[in-house]
Number of protein chains: 4
Amino acid sequence: MQARPTRAMAGSRFAYVKNFELADPLLPSTFFVVRIDGKGFHGFSKLHNFDKPSDVRALALMNDAAKRVVGGRELNGECVVAFGESDEYSFVFKRTCKLHGRRASKIVTLVVSVFTAAYMALWPQFFPNSPLSLEHLPVFDGRVVQYTSELEIQDYLRWRQVDTHINNMYNTVFWALVLQGKRTEQEAEQELSGTISSQKQEILFSQFGINYNNLDPMFRKGSIVIWEEEPLAVSQDSAPSSTSEPPAPSPESADSPAPLVKMRQRKKPPKPKRRLVVVHEDLIADAWWTEGRGKALLDG
Amino acid sequence: MQARPTRAMAGSRFAYVKNFELADPLLPSTFFVVRIDGKGFHGFSKLHNFDKPSDVRALALMNDAAKRVVGGRELNGECVVAFGESDEYSFVFKRTCKLHGRRASKIVTLVVSVFTAAYMALWPQFFPNSPLSLEHLPVFDGRVVQYTSELEIQDYLRWRQVDTHINNMYNTVFWALVLQGKRTEQEAEQELSGTISSQKQEILFSQFGINYNNLDPMFRKGSIVIWEEEPLAVSQDSAPSSTSEPPAPSPESADSPAPLVKMRQRKKPPKPKRRLVVVHEDLIADAWWTEGRGKALLDG
Amino acid sequence: MQARPTRAMAGSRFAYVKNFELADPLLPSTFFVVRIDGKGFHGFSKLHNFDKPSDVRALALMNDAAKRVVGGRELNGECVVAFGESDEYSFVFKRTCKLHGRRASKIVTLVVSVFTAAYMALWPQFFPNSPLSLEHLPVFDGRVVQYTSELEIQDYLRWRQVDTHINNMYNTVFWALVLQGKRTEQEAEQELSGTISSQKQEILFSQFGINYNNLDPMFRKGSIVIWEEEPLAVSQDSAPSSTSEPPAPSPESADSPAPLVKMRQRKKPPKPKRRLVVVHEDLIADAWWTEGRGKALLDG
Amino acid sequence: MQARPTRAMAGSRFAYVKNFELADPLLPSTFFVVRIDGKGFHGFSKLHNFDKPSDVRALALMNDAAKRVVGGRELNGECVVAFGESDEYSFVFKRTCKLHGRRASKIVTLVVSVFTAAYMALWPQFFPNSPLSLEHLPVFDGRVVQYTSELEIQDYLRWRQVDTHINNMYNTVFWALVLQGKRTEQEAEQELSGTISSQKQEILFSQFGINYNNLDPMFRKGSIVIWEEEPLAVSQDSAPSSTSEPPAPSPESADSPAPLVKMRQRKKPPKPKRRLVVVHEDLIADAWWTEGRGKALLDG
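In this text the structure is predicted, and so the values were computed from the model without any measurement. (Residues numbered from 1 in each chain as written. Chains lettered and ligands numbered in written order. Predicted model: local features only at pLDDT ≥ 70, side-chain atom pairs only at ≥ 80, totals over all residues. Heavy atoms only, no water.)

Per the UniProt annotation, the sites labelled "domain: tRNAHis guanylyltransferase catalytic" (unreviewed entry) are residues 15-147 of chain A. Helix makes up 35% of residues 15-147 of chain A and strand 22%, whereas the separation of the span's terminal C-alpha atoms amounts to 37 Å. (UniProt positions renumbered as here; feature names shortened; annotations may be inferred. Helix = DSSP H or I, 4+ residues; strand = E, 2+ residues; numbered from the N terminus.)

Right, here's the structure in full:
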């Protein structure tokens, strides 16, 4: 954390060990996703009495931590969209992203670290009466996955939203059976075994008077963190999120590392101001990608 | 964070995207190090007025966070020693480690996440009057490096300790010149340019009356987090660190993942109770490895 | 090479060493190129008195070996085009290729081995009076490179053709200066140092009466091995190459390995009969890709 | 194959595609094995009427091709031992090997190419009446596997020799039952199903009068290609192999690539002259490694 003498990393007969650090660049010009996942969140959620089947505060906390990641200077504004459900979040980068020379471990650890730190920092806002303990910290692991085309990355996000739907449907009925229907967890599991989606909706409606489609869209569709152009002459106060977020850096101003690949045709128009919003929209249908917020999202 | 229906990850025509997740196992039976590094800590340390050249509180915080990593259930007791200096820490694992099927990104992100969370959680104990802000979080990146022999891993740790020494010597003289000697930073840099170790020691002594060898060994040698067998019938209260630490899990009791490799000859004797200590010892000389705490450290 | 008992690879307490074989799959759905390169061909070409600057026989031999690779059953008809110049050849595969589970080392070694064997087998046809010796064998190394889009793979081939042009231009003038102009090799090198293309053409024309554009297109543009649909009711005897080539397997009939990835939309129309041809066309301009042989080459 | 102008590989706006070539170095200081395997040799051996269960000529050809690989200038004398059985061969390199910057694909393709070329070149010596055809070439794939210790690499070779034994035992009885015992292949397979080694030996002896232990040790133990120091003042004519072999280059004289890693303590004593021999010895027992040819084989 101090200015280091430049020969510091060399400087000794032991420096040969540095040669064991192998490069791990992502392939140039792939799209890629960093997906993080809560580690042992089953126990963590019990410890802090998360509501079942879903806890609004816990999900809002995940969303705000994700906004901090996407909007933070560490990522240089290069993450274009993120998708979250339960205790996982996926951060999507375009094929032109040159962050940290596209070194895989650098990028994935950075995302995990910023997310973890933000989750810790934001915790008291969402769970003021349930302080964290050193023994039971919220911990996330991460991985990076590369894709070669827009369709694949769209399908990646569709895959996660279908997963959200399947999990939420199951958990909603499961906990209705247990909490309102007085089944044991084993009984509920057996009762749901082999049922399809329409049968689960029927159980919800006939036994508990719940219309699945009226549930909070955050539960049913997950959360999308995405950039939105700011209307001119409108103050940032109108941002839809209550959490203050860091100003979005424009990629031009940042000091990016030396590009690994010089791609052809590269002329960026000046970017308008933008801010992050969290929405709960259907991104499975094509409309979101052709006319909605996903339009032109992955271009360039 | 809820019980998930088992077909959740499949379940749709989009599930093909999961095949893009490539395996990244470490080679079986290598020793390996996870090294984490503060990201942008130059600015972070200025923001919180870290003492120069070294801040005792900041280093002690790093050490306690490292103890939380090494001793925490997440690593299953498999990290055998860690070494820290400045805003970096190295965590060493033996060749028999089978944590998480030796998946590289899983292990490196886990270490980074636990360290970040612990650093956040411990911060108020060390900097009670300098609260963290969401905009300027302590963030760490990480990498994993594999080695093939005990000598190499010993030399890795020697390399970091030599680096500690070189950096600390430089920074000590540099800040003495600036803070006490009233040079500008540029003048100090010029004055030190090309000097060797003995010349720096001479400047320190003749101009500032500082005997380098009397400085805090934590500054000069860095910090070693290492397991120590607990004497029988002694309570844990006698632990040398003021920070409470989680009980060290013994590798036997933990539910480890299915082993990737079945090595020959594997019979572990029952482990005695052990606790973590932080020491500042010379590990460059062979003595530490043949008679000191490093003895038999990497065996098995 | 015999029927092996199924437990053969296990069967002993030493079988743990098999776990050190790490998977090396290519990313699903990338295009990829296997490029092979002659090893020590400078000496090899001297030994067998190759003509300078280019040897028609040596290039035709390379082309026939490449046809054997592309058309052979080993590649299952999955290589769609190959490009050769001097002692190197590039073999291009589409993103849908599932050959050998897309294992990188399997594919690259297979291509190198088939090419080497074919080169050896065809040698006597092209150099009947210059037999090969065991000490000086024609040897090739290889690498595999992945691309994410059609444009990139087109640009890859353009890159090789530009390279062909630059090398051939240089070598043509260089050897004209040496062989006809009686310069030493050092003098020729100096004379060409810093010259641009038009100056080299001028030297060729004014000093040696050679119009560069009239040179054999195989020298100037390299060689393209590509599939051509066979006109119906025409016997295979009309194939433009004098070398007999193996029948092209259609991907449907071959027993391909279990697919690593199940992609969406997969309905293959029945393929017409096809044969391999060697052409020397300009693939740098877009026309080759939009109207010429490159049209739809990389689709699907 | 000509002198190339130095800017040849750059030189155009398409050169960005070169950045897609990712490095693939082996870890510094691992031992490694390149294992090659005949591709489709079941059919190839039928085509050329290889003797069953083992063909002396085919194995001797494999051995001579392996000697050409180990002794050839391409490997710079850095392969210390090779082991062959059936249509596979394993080439072992020490941890200090710096061949081609330890680039994995470079090394594995080189070994495969030299082996293939040598097999082709030597074929007529062993099968003078069964010429090769372009359609059915002998083809080999290859892989590279890294190990971290001498024990592991010893166990690798033990694993292959155990495999040789198991396969040879099975094939010997199987073909005795079929060729002499007039069973169909299915009957033979059934008869052997579930038998252990001693039962197979009993069948061999009681039904066919064959004492397994008297079979050619090349069949039972495979073939070891290894360097042997030449006695002083003895001509090379006394080499035990009938095949002329290329002079063994000493590592010192060769122009090796820039070392990736500078290891500590590196002082090589001058090497005595050496030649390659093919032996069929037991390397499973420790004796071969402590007192036999394997002694000190992997040192340094």
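Time to look at the sheet that holds strand β4 (residues 140-147) of chain C. All names here are of chain C. With respect to topology, 6 strands assemble into an open sheet ordered β4-β1-β3-β2-β5-β6, the strand pairing being antiparallel. Sheet topology places β4 and β6 (274-279) at the edges, where each strand pairs with a single neighbour. Strand-to-strand, the axes of this sheet are offset by a mean angle of 20°, without reference to chain direction. Here strand β5 (residues 223-229) runs beside β6; their pairing, made up of 6 bridges, is antiparallel. Within β6, the position partnered with W227 by the bridge is L276. (Pairing = 2+ DSSP bridges. Axes fitted to C-alpha atoms, helices over the stretch in contact; angles between N-to-C directions.)

We now examine unusual backbone geometry. Excluding glycine, residues mostly carry a negative phi; peptide bonds, for their part, are mostly trans. Cis geometry marks the peptide bond from A:K52 to A:P53, where omega comes out at 0°. With respect to the element layout, A:P53 can be found in the loop between α1 (41-47) and α2 (56-71). Positive phi outside glycine occurs at D:K182, with the angle close to 60°. Examined against the element boundaries, D:K182 turns out to sit in the loop between α4 (150-180) and α5 (185-192). Under the relative-accessibility criterion, D:K182 is labelled exposed at 66%. (Buried < 20%, exposed > 50% of the residue type's maximum accessible area, 1.4 Å probe, protein only.)

Across all of its chains, the model carries 92 aromatic pairs over all chains by this definition. Their ring planes at 65° and their centres at 5.7 Å tell us that B:Y156 and B:W159 sit as a pair that is edge-to-face. Highlighted residues: B:Y156 and B:W159, both in helix α4 (residues 150-180), separated by 3 residues, approximately one helical turn. Of the residues examined, B:W159 reaches a relative accessible area of 0% and is grouped as buried. Ring centres of D:Y147 and D:Y156 lie 5.8 Å apart, and the angle between their planes is 50°; on these two criteria the pair is classed as tilted. (Phe/Tyr/Trp six-rings, centres within 6.5 Å; stacked < 30°, edge-to-face > 60°.)

On to the relation of the copies chain B and chain A. Once chain B has been moved 0.0 Å along the axis and rotated by 180°, it coincides with chain A to within an RMSD of 0.0 Å. Read as a symmetry element, the transformation amounts to a two-fold axis. The overlap is high: 100% of the interface residues of chain B also sit at the interface in chain A, so the same surface is used on both sides. (Least-squares fit on C-alpha atoms with pLDDT ≥ 70 in both. Contact = heavy atoms within 4.5 Å.)

We now examine the interface of chain B and chain A. Contact residues are listed per partner, giving 83 residues for chain B and 83 residues for chain A. Summing both sides of the interface, chain B and chain A together bury roughly 7100 Å²; the carbon and sulfur share of this comes to 60%. Put simply, chain B and chain A have 6 salt bridges between them. Among the ionic pairs, A:E21 bridges to B:R35, the shortest N-O distance being 2.9 Å. Those elements giving two or more residues to the side of chain B that touches chain A turn out to be α1 (41-47), α3 (104-126), β4 (140-147) and α4 of chain B. (Buried area = accessible area lost by both parts, 1.4 Å probe. Salt bridge = Lys/Arg side-chain N within 4 Å of Asp/Glu carboxyl O.)

This brings us to the state of the cysteines. Residues and elements named next belong to chain D. Going through the model one piece at a time under the given rule, you end up with 0 disulfides over all chains. Sulfur of C79: no disulfide; nearest cysteine sulfur belongs to C97 and is 8.9 Å away. The exposure class assigned to C79 is buried, which follows from its relative accessible area of 0%. (Disulfide = S-S within 2.5 Å.)

A few words on the sheet that holds strand β6 (residues 274-279) of chain B. Residue and element names in this part refer to chain B. The strand order β4-β1-β3-β2-β5-β6 describes an open sheet built from 6 strands, whose pairing is antiparallel. Each edge of the open sheet is held by one strand with a lone partner, namely β4 and β6. Put simply, the sheet's adjacent strands are angled 20° from each other on average, direction ignored. Set on the sheet, α4 makes contact with β1 (31-38), β2 (79-85), β3 (88-93) and β4; between it and β2 the angle comes to about 20°.

Count 3.6 residues to each turn of an α-helix, and residues three or four apart come out pointing the same way. Residue and element names in this part refer to chain C. Its 12 residues give helix α6 (residues 197-208) an end-to-end C-alpha distance of 16 Å, which sits within 8% of 16 Å, the value for a rise of 1.5 Å per residue. Of the residues making up α6, those classed as buried are K200, I203, L204 and F208. For α6, the buried positions fall inside an angular range of 95° around the axis, keeping them on one side. Looking at the packing, one finds that the buried side of α6 touches α4 (150-180) and α5 (185-192). G209 sits one or two residues past α6 and shows a positive phi near 65°. (Expected span 1.5 Å × (residues − 1). Arc of directions from axis to C-beta.)

Before going further, it helps to spend a moment on the packing of α4(B) against helix α5 (residues 185-192) of chain B. Two quantities define a packed helix pair, namely the angle between the helix axes and the distance between the axes. Residues and elements named next belong to chain B. Axis separation between α4 and α5 bottoms out at 9 Å; the angle between their running directions is 135°. Judged by the angle between their axes, α4 and α5 are oblique. Both α4 and α5 take part in a crossing whose hand is right-handed. When α4 is examined against α5, the residues Y170, V173, F174, W175, L177 and V178 are found in contact with a partner set consisting of E185, A188, E189, E191 and L192. The residue makeup of the contact of α4 with α5, split by class, is 8 nonpolar, no polar and 3 charged. (Parallel < 35°, antiparallel > 145°, perpendicular 65-115°, else oblique. Left-handed = near helix turned anticlockwise from the far one by under 90°. Nonpolar A, V, L, I, M, F, W, Y, C, P; charged D, E, K, R; others polar.)

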